[in-house]
Structure formats: structure tokens, C-alpha cells
Amino acid sequence: MIFRTVFGKAVILGLLVLFSCAPKLPLHPVLTPDSKDVIDPEIVYGVLPNGFQYILKRNTTPIDKVSIHLNIFAGSMHETQQQQGVAHFLEHMLFNGSEHFAPGELAQYFPSIGMDFGGDANAHTSFFNTVYDLDLPIGKKKQIDDAFVIIQDYAKGAWLLESEIDRERGIILAEKRERDSVSYRTFKETLEFRLPGSHFTQRFPIGLDRVIKQADQKVLKRFYDQWYRPENMVLIMVGDFDIATVEAMIEKRFSMLRPRSSFVESPLEIKWVEHQELEAFYHYEPEAGTTDISIETLAWKPFKTQTVDDLKKQTLVYLANLMLQNRFSRMVSKQTVDFSGASVYSGAFLHHVSLSTIRASCDHDKWEKSLEQIEHTFRQSLVYGFEKKELDRVKADYISSLESYLDQSKTLKSKTMSKTILGAINRRKLLLSARQTKKILTPYIDSVTLEDISGILTELWANKNRLIIVTGNAKIDSAMPAEHILNVYRKSLSKSVPEYKGFESHIFPYLPMPLQKVAVKSRQINDLGITTIEFENNVRLNLKSTDFKQSEFLYNVSFGSGYKSEPTSKPGLALVAKDVLNFSGFSKMDADQLEDALAGKKVGISFKVKQDHFSLGGTADPKDAKVVFDLIHHYFNDPGYRKETLNLSKTKYKQGYDSLLRTPRGIMQIKGKAFLAKNDPRFGLPHSDVINRYTLDDIQTWLIPQFEESPVEISIVGDFNIETMIELASKYMGSFKNRKKFPLKTPNLGKIKFPEGERLNLKLDTKIDTGVVRVAFLTDDFWDIKQTRRLAILCRVFSERLSYLIREELGETYSPYVYNEPSVIFEDYGVMHVVVNVMPENHEFIYDKIKSIVTSMMDEGISEKATLMALKPVLNHIKAFRKTNEYWLNSVMVNLSQYPEKIGWAKTMMSDYSSITNKDLEALVKRYLHMEKSARIVITKDDSDKNHVSP
């Protein structure tokens with residue numbers, strides 16, 4: 001018998017308790033008496049007699065796809081002192097041999113049906129849960145039943161072979177090394193201060209080296225049998241399937257699950273030693289790019305199921321914090337404070353920790369002043385409250401987001417839905433539909449007053465404890481740094497704070513709307529459903545109406561030549577220019593005033609510098625189409641260039657640069673890419689001293705001619721009325737003076753040299769044990785699209801061989817990968833990167849293994865099977881990707897007048913990829929993958945006293 005619950009029938013949970021002969025109850029029931037009457041009516045909830053729960057929801061976006069999660073209510077917090085890391089180790093082992101899949105077979109099976117192993121099939125372990133994910137490319141009955149076989153094996157069929165355990169432990173240790181970072185170490189140290197004496201600080205999911213090195217079948221099986229039991233699981237499925245059919249399949253497949261051991265649930269140790277009224281914590285990380293300071297208060301809270309009243313209260317908390325966040329953001333953008341960023345948060349984490357925090361990032365020598373500034377701003381809000389217009393702004397934006405969520409809910413993707421449900425279950429949130437959420441919250445938000453905001457802020461910070469935390473690159477020269485921090489904080493408290501002075505609101509749009517229409521020169525409709533219109537002043541409009549996502553369209557305005565036109569004497573100018581345009585607003589209206597004026601509007605816009613063009617773009621609701629054109633009109637006619645925004649951009653660049661210098665990926669961006677172009681100054685990242693020399697005049701001299709003279713192409717795709725867009729475009733674009741003609745002529749940038757046969761050794765000034773071997777091959781530019789596509793598939797074949805040999809067989813690394821980076825603007829230049837994170841002592845060994853793979857592909861070729869295994873997931877993803885607005889906008893329509901061949905690429909995309917053969921890939925191996933012509937980059941930790949990476 002199957003116990004099934006749909007909205008309105010969840011009372012079965014109560015009935016289960018009444019009978020001594022009743023089926024087994026779930027250990028963590030998804031529906032409780034508090035939540036049974038408030039649930040998305042399209043959700044079907046069921047409980048099998050063995051306590052196994054499931055949640056099903058039918059959704060047809062995308063058609064024929066199904067997203068599945070098996071959630072185990074057990075994670076690292078359920079481990080004993082001797083098991084630290086076992087939950088995560090076990091998660092790895094469930095892919096390495098089970099009842100229906102011998103070791104290595106799952107890795108072959110997933111690609112054979114068009115799934116990416118790691119992308120469409122994955123798992124993760126947290127403090128309280130372990131989750132196994134499957135995203136099926138086909139949602140037919142057979143494919144779902146095959147997926148259930150895999151999930152059944154996860155639930156009960158793991159072999160846990162000693163040989164596989166021994167091999168996997170090396171991979172897990174490699175993963176542990178790769179995860180190590182400044183931010184991770186800081187988080188661990190800070191958590192130990194926040195929660196002293198708690199088991200949280202001893203149960204990080206990655207585990208301990210000694211446990212990982214000693215874990216055997218007996219240890220893993222004990223945890224597996226104890227926690228992987230039907231009454232401790234829930235299956236979540238969202239997608240294009242028949243509910244009744246799948247329910248019958250679940251009953252047949254999972255009713256057979258039985259506990260494999262007796263179960264005695266011991267209470268989790270989740271308490272910690274309470275803090276005093278005022279405490280400070282200091283953690284010095286010289287490798288951080290910034291110093292982070294925070295003022296916090298925390299308390300223990302029960303972990304209980306959310307109610308409607310809880311939802312309303314959490315919404316009020318969000319509104320209050322957002323109002324405070326907006327104040328901080330304005331202070332940062334106006335550069336009236338010493339910190340470069342700030343955030344405000346209140347909520348629960350780790351189930352039982354109620355935390356409120358105000359955090360800011362600053363340069364190492366500005367932490368004292370920054371601490372005083374965030375303390376004063378926060379106290380100011382508590383004492384004097386907020387202005388009505390601040391509340392009106394956040395209320396309008398929140399209600400607008402609820403409306404958007406409802407409008408778009410019918411075309412929300414199954415993967416997004418399933419992850420939302422999964423998160424709600426694990427956080428005990430209500431399983432509400434978008435319509436229910438809007439119905440509950442809209443009238444409540446309308447009723448919120450300034451008194452409510454002040455009251456909830458006071459309540460959030462009612463606990464007497466205050467934790468003052470300083471971490472990062474500030475070196476406090478004091479024998480008692482914590483006491484020094486407290487003295488700075490106490491001094492700040494002793495100063496009075498003035499009443500908040502708000503900013504003057506402005507009306508948008510303030511430029512008059514153009515009245516004269518520009519005449520249409522030509523009109524074309526092609527068989528891809530794209531309408532192309534050319535106006536007399538050399539402005540073009542591309543339109544494609546779709547039903548992929550309701551109540552939303554994407555738009556892009558492309559013009560000029562982007563990075564290609566960056567002055568050679570000013571490398572990196574684009575990096576600060578982008579920020580100046582994005583955060584300056586307009587000449588007569590700063591960014592915060594603009595945000596205030598647009599409150600409640602469902603529209604966003606950002607300026608980007610692409611390789612071969614500049615762009616203004618974003619998303620919008622069809623109802624706000626005119627607002628989009630108003631924004632475009634103002635950007636072209638009255639852009640803002642503010643000195644304070646430039647200064648902030650320089651500060652953030654320096655902070656980012658200093659941090660990048662100490663990580664493998666960062667040093668690759670700064671120095672590695674330049675090396676692969678024979679130190680051409682257009683590659684890599686310039687030192688922050690170079691960036692600091694740039695002025696607003698440098699930016700304006702570069703950008704103003706691009707805005708005023710270059711041809712303009714507007715591309716719009718999504719849910720909109722075509723005639724409305726043509727009408728708006730013809731009016732607003734009519735105000736543009738005549739532009740240069742398409743295609744825009746751009747300078748030849750010359751040939752890029754590649755360091756054939758050369759080696760670069762990069763040393764990192766870091767405490768973290770890290771090492772990377774990178775082998776690079778010169779390939780080609782982007783524009784031979786057939787070759788570019790085949791190189792992408794070759795990278796997948798190469799990655800698979802790399803993973804099989806170096807990860808699976810040798811256990812030397814966690815995530816080796818290969819990717820091709822073809823240039824859009826430099827002719828005949830592209831680089832294929834082979835990347836392996838590995839301990840420094842194994843660099844030569846790994847290089848030899850990479851060489852052996854290349855030799856094997858060169859001499860023995862690539863099999864048809866390997867090609868098909870690499871190709872199938874790509875074909876499935878292409879099918880799905882082509883049904884997105886993002887694909888049609890960014891891959892086809894943007895800059896179409898400059899590259900009309902993209903129309904042909906779109907038409908042949910599926911057929912061309914489908915035609916790729918192993919012979920195509922072998923030809924590319926012979927053409928490009930010559931080890932003697934490759935370049936090698938070796939990145940290692942600097943064990944000497946000298947800092948090898950400081951300029």
C-alpha cells in the first residue's frame with residue numbers, strides 16, 4: 001500500500017500516529033501539522049509504508065526533461081568524533097561500484113545517455129544533508145526507471161570495495177587541498193570564535209586527513225547502514241512526466257528498501273558556549289586582498305517548520321536590512337566612507353544559529369575608521385529610523401519581484417524548481433507556489449510601516465552580545481589585538497551620531513522623449529523567426545519573439561569595437577571604464593537616485609566592454625519596454641562620469657589584484673596569459689599602479705566617440721509585442737545623429753606570438769599547499785566555426801582521458817580539465833589549456849602523464865565510442881540551450897550586422913555538431929597537439945623567505 005498526500009490531504013500524517021500497526025514514520029517529515037494546509041497545490045507528496053517520502057511536481061519547461069534529487073537527512077554533523085569526513089567519503093563511494101553498476105560503469109553510463117558526469121549527475125555533502133542529483137535529458141518511462149535503479153543503488157546497493165576506497169582517498173585528499181583557500185581558512189577560524197565549544201567547528205564536511213587516510217569498508221558501511229535508511233530519505237522530482245505513472249514506479253522500486261541496522265537517534269550536539277556582552281576576534285590573513293570587519297549578534301534558535309507568520313516576519317527582516325543596505329551602498333558609491341563594500345544580513349544558518357551581521361571590506365590601513373563608520377551608520381538607523389521614501393523603495397521592489405516570480409512561474413525550468421523545493425525541505429520552509437506567496441505577502445508588505453521597520457531592527461539586535469570581528473590583511477601591532485579592536489569600538493560608541501540626511505530624489509526620465517520617428521530603410525524576416533530592421537541613420541533593430549520565459553525579454557545594444565579599440569598605451573583602461581559607466585548613473589542623476597526613481601520597475605541595465613564591441617543590456621518586463629528605451633536614450637545622451645566612482649573602481653581593482661597574486665588562477669590571469677602571448681601588454685592584468693594613473697579624461701576620450709559615432713544595433717528577444725518595440729525604437733533611435741555604416745571597420749591588431757617549447761615557473765607567496773601544471777597548445781581564432789566546435793569536443797575527449805588516468809586510476813587530483821580559448825579579435829590565435837592541480841613534488845610525473853595522453857591520441861587515435869560519449873551530452877545541452885532567450889540574444893543576434901554569418905551558424909548548429917566524427921578530432925590532434933610546440937606553466941608555493949610574486 002502507498003500513502004499519498006496531495007494539497008488538502010496531508011492529514012494522513014496524523015492518522016499514522018493513531019495505529020500501533022501503522023507504517024514507519026519518516027524521521028524528518030516534509031509535511032507537518034503546521035505546514036499541511038499551506039502547500040503548492042501542484043505538488044504531490046507521498047509516504048511509502050517504509051517511511052520513504054517523495055515530492056513530485058509536473059513541469060514542462062523544458063519539454064521532456066526531469067530533475068531528480070535524492071536527499072538523505074544526514075551529513076557531517078551526524079558523524080562521531082572518529083568519523084569526521086566519512087559522510088563526504090561515502091558520497092564519493094556511491095559512484096564507485098554498486099549492485100547494478102560495477103566500478104567505473106556509472107562514469108560511462110551517464111554520457112552514454114547524454115548526461116554530463118559532474119554536471120547532470122552529481123552529489124554534495126553538507127553539515128546536515130547529503131544530496132544526489134540527476135538531470136535526465138529524456139523523461140520517458142524507461143529513462144526514469146533507469147534513473148530509479150541508480151537511486152536505488154545510492155540508497156541501498158553500495159559495494160564499498162576496499163580497492164575503490166584506497167583509490168578514492170587520494171582524490172578526496174586532492175579535493176581537500178583544492179578547496180583550501182584564504183576565505184575557507186578565515187571562515188573556519190571565525191566559526192570557531194562564533195560558536196565556541198560547538199561540534200559545528202569539528203564537523204566540516206571535507207573531514208580530517210587522519211580519518212580520510214584510515215577509513216575502510218567497515219567505517220563507511222557503519223555510517224551507510226545507520227543513516228541511509230528509507231525513513232531518512234526524500235525523493236524530489238520535477239519535470240515533464242505523468243504523476244500517476246511515476247508514483248506507481250516509486251512504489252514498485254522503493255517499497256523494497258529496508259533499514260540495514262537498528263536505529264537509535266542520539267541528539268545532535270548543537271549548543272555552544274554563550275558569548276559575553278562584548279567580545280572581539282582577530283584573524284590575520286596577509287594573503288587576503290582586503291580587511292573585513294563586522295559587527296554581529298547571534299543566539300541559539302530552535303529548528304522548526306516555517307509558518308505563515310514566520311514568512312511575514314522574515315520578509316519584514318529582509319525589508320529592514322535592505323533599507324540599511326541601501327544606505328551603506330550609497331555611502332560607498334559616493335565615496336563618503338573608507339570601506340569599499342558593505343553587506344547586511346539577518347537569518348538562520350546551520351539550522352540553529354540566529355545571526356545578524358553588518359560587514360564591510362576595506363584596505364588594511366582603514367579598518368579602524370571603517371569600523372567606526374559602520375557602527376555610526378547602524379546606530380543612526382536605530383536612533384532616528386528611516387525616511388518614508390526609503391521604505392517605499394524597498395516595498396515597491398519587493399512587490400515587483402513577487403509579481404515577476406508569478407508571471408514567470410509557468411515557464412520556470414524544472415531544475416530551478418527542484419532545487420527550490422530541495423532547499424525549502426532542508427531548511428523547513430513552506431512549499432508555496434508563486435501565486436500563494438504573492439497572495440500572502442503583497443497585502444502584508446503594503447501594510448508595513450516605518451514603526452514596524454524600527455521595531456524589527458531593535459528586535460534583531462536585542463541580544464546583549466556584540467561580536468566585533470576583524471579578519472584579513474590588516475596587521476594589528478598589539479600584544480592584545482582583540483582588546484585593541486574593542487577599544488576602537490568603545491571609542492566609536494562614545495561619540496554621538498547625527499540624524500540621517502537623505503538624498504534628493506529625481507524624476508526619471510528627465511530628458512524629453514523624442515517625438516519624430518526615424519524612417520525604416522529596410523525590413524527582413526528570416527526563417528529563424530528574427531525580424532531585422534534598418535533605420536536611415538544606420539541604427540539596426542533585431543527582434544525575436546519567444547515563449548521560453550513569460551513576462552520577460554532580454555535586450556542588448558551593441559556599438560563600437562570594445563577591447564579591440566582600447567588604447568595600447570593604456571592597458572586595463574576598460575576594466576575601470578566599465579565600473580565608471582555602471583555606477584555613475586547619468587550626468588544629472590547619480591546611480592542611487594536612478595535606483596530610487598526606478599523602484600518597482602522590472603528592468604535592469606548594465607554596461608559591458610566585450611572583446612569586439614561595447615554593450616548596454618539587461619532584462620525587463622514587457623510592461624516596462626518604454627523604460628528600457630528611456631535608459632538607452634539617457635546613456636547615449638547624458639552618461640555619467642563621476643570621479644568618486646573611478647576612485648572606488650581603482651580601490652577594488654587593487655584589492656582584487658593583491659588577492660589574485662596569491663592564487664593559482666589569479667596568477668594565471670595576471671602573468672600566465674601574458675606569457676602565452678609572449679608578454680604582449682594586451683594580455684594579462686596590469687599592476688594596480690598602472691590603473692591608478694588613469695583619469696576620467698582618459699575614459700571619456702576613449703568612450704565618447706564610441707557612443708556618438710559608431711553604428712548601433714539593438715537586439716531584443718523574449719516575450720514582447722513586436723510592433724510596440726518597432727514603434728519605440730523608431731522614436732528613440734530617431735534622436736541619434738547619422739552613424740557610421742555597418743560593418744564597422746576596425747584596425748588589424750597584428751599577429752600574436754606563442755611561446756613554443758617554453759616554460760614559465762610561477763611562485764606563490766602563500767601558506768596554502770598548492771600546485772598546478774598547465775600545458776598550453778596554440779590553436780586558432782574563433783571564426784572557423786566548424787573547427788571551433790570540433791576543438792570544443794576534442795577538449796571533452798581530452799578531459800575524459802585526463803580524468804580517467806590522473807584522477808580515477810592514480811588518485812592524484814580532484815578536477816583536471818581541458819578547455820579551448822579561441823580569440824575573437826586576434827587572428828590565428830587561440831590556446832587549448834590542460835590544467836591539473838597537483839602537489840608540487842608530482843609536477844614532472846603529471847606532465848609526463850599529460851604527454852602520454854597526447855601521444856596516445858596522436859599514435860592510436862580516438863575511438864568512435866569516445867567521440868560519441870563526449871558528443872551526446874553536448875547535443876542534449878544544445879537542444880535545451882537553443883530554447884533559451886540567452887542563446888538567441890548572445891550567440892546569434894548581438895552584433896549580427898558585424899557578423900552576419902551567425903545566422904548560418906544558428907541554422908547548422910545541430911547538424912554540424914551531430915556530424916562530428918572521431919576522424920575530425922584526430923585531424924585536430926595532429927594539427928595542434930604537438931608537445932614540442934606546447935608551452936608549460938608550473939605554479940607552486942614559494943617555500944623561501946622571498947616573495948616571488950610581488951612586483
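As a starting point, this report considers the structure included with it. Source: prediction; values computed, not measured.

Focus: the side chain of Thr770
When you line up the elements, Thr770 lands in the loop between strand S20 (759-764) and strand S21 (771-778). Thr770 has contacts with Pro664, Leu764, Pro840, Ile939, Thr940 and Lys941, leaving out every residue within four places of it along the chain.

Details of the sheet that holds strand S22 (residues 817-822)
The five strands lie next to each other as S20-S24-S21-S23-S22, forming an open sheet whose pairing is mixed. Taken across any chain shown, the strands that pair with only one partner, and hence form the sheet edges, are S20 and S22. Taken over all neighbouring pairs, the strand axes of this sheet differ in orientation by 20° on average, direction set aside. Sheet topology places S22 next to strand S23 (residues 830-837); six bridges connect them, and they run antiparallel. Within S23, the position partnered with Tyr819 by the bridge is His833. Relative to S21, helix H26 (residues 843-860) is tilted by about 30°, and along the sheet it contacts S20, S21, S23 and strand S24 (935-941).

Quick notes on the packing of aromatic side chains
As enumerated under the stated definition, the model contains 44 aromatic pairs in all. Residues Phe101 and Tyr109 carry aromatic rings whose centres are separated by 5.5 Å and whose planes lie at 50° to one another, so their mutual orientation is tilted. Of the two residues, Phe101 and Tyr109, neither departs from the other in class, the shared state being buried. Taken together, a centroid distance of 6.0 Å and an interplanar angle of 25° make the contact between Tyr817 and Tyr819 stacked. Note on Tyr817: relative accessible area 24%, which makes it partly exposed. Here Tyr819 falls in the partly exposed class, since its relative accessible area comes to 27%. In this arrangement the basic side chain of Lys271 is found over the ring face of Trp300, its NZ or CZ atom lying 4.7 Å from the centre. Directly above the ring of Trp888 sits Lys544, whose terminal nitrogen or CZ lies 4.5 Å from the centroid.

Quick look at the pattern of salt bridges
Applying the stated criterion across every chain yields a total of 62 salt bridges. With a closest N to O distance of 2.6 Å, Arg185 and Asp180 form a salt bridge. Close ionic contact of Lys919 with Glu922 constitutes a salt bridge, the shortest N to O distance being 3.6 Å. On the criterion of helical spacing, the pair formed by Lys919 and Glu922 is a turn pair, its members being three residues apart in helix H30 (residues 918-928). The exposure class of Lys919 is exposed, given its relative accessible area of 56%. Linked by salt bridges that have partners in common, Arg330, Lys334, Arg393, Asp590, Asp592 and Glu644 make up one network.

Criteria and thresholds
Residues numbered from 1 in each chain as written. Predicted model: local features only at pLDDT ≥ 70, side-chain atom pairs only at ≥ 80, totals over all residues. Heavy atoms only, no water. Helix = DSSP H or I, 4+ residues; strand = E, 2+ residues; numbered from the N terminus. Contact = heavy atoms within 4.5 Å. Pairing = 2+ DSSP bridges. Axes fitted to C-alpha atoms, helices over the stretch in contact; angles between N-to-C directions. Phe/Tyr/Trp six-rings, centres within 6.5 Å; stacked < 30°, edge-to-face > 60°. Buried < 20%, exposed > 50% of the residue type's maximum accessible area, 1.4 Å probe, protein only. Lys NZ or Arg CZ within 6 Å of the ring centre and 35° of its normal. Salt bridge = Lys/Arg side-chain N within 4 Å of Asp/Glu carboxyl O.

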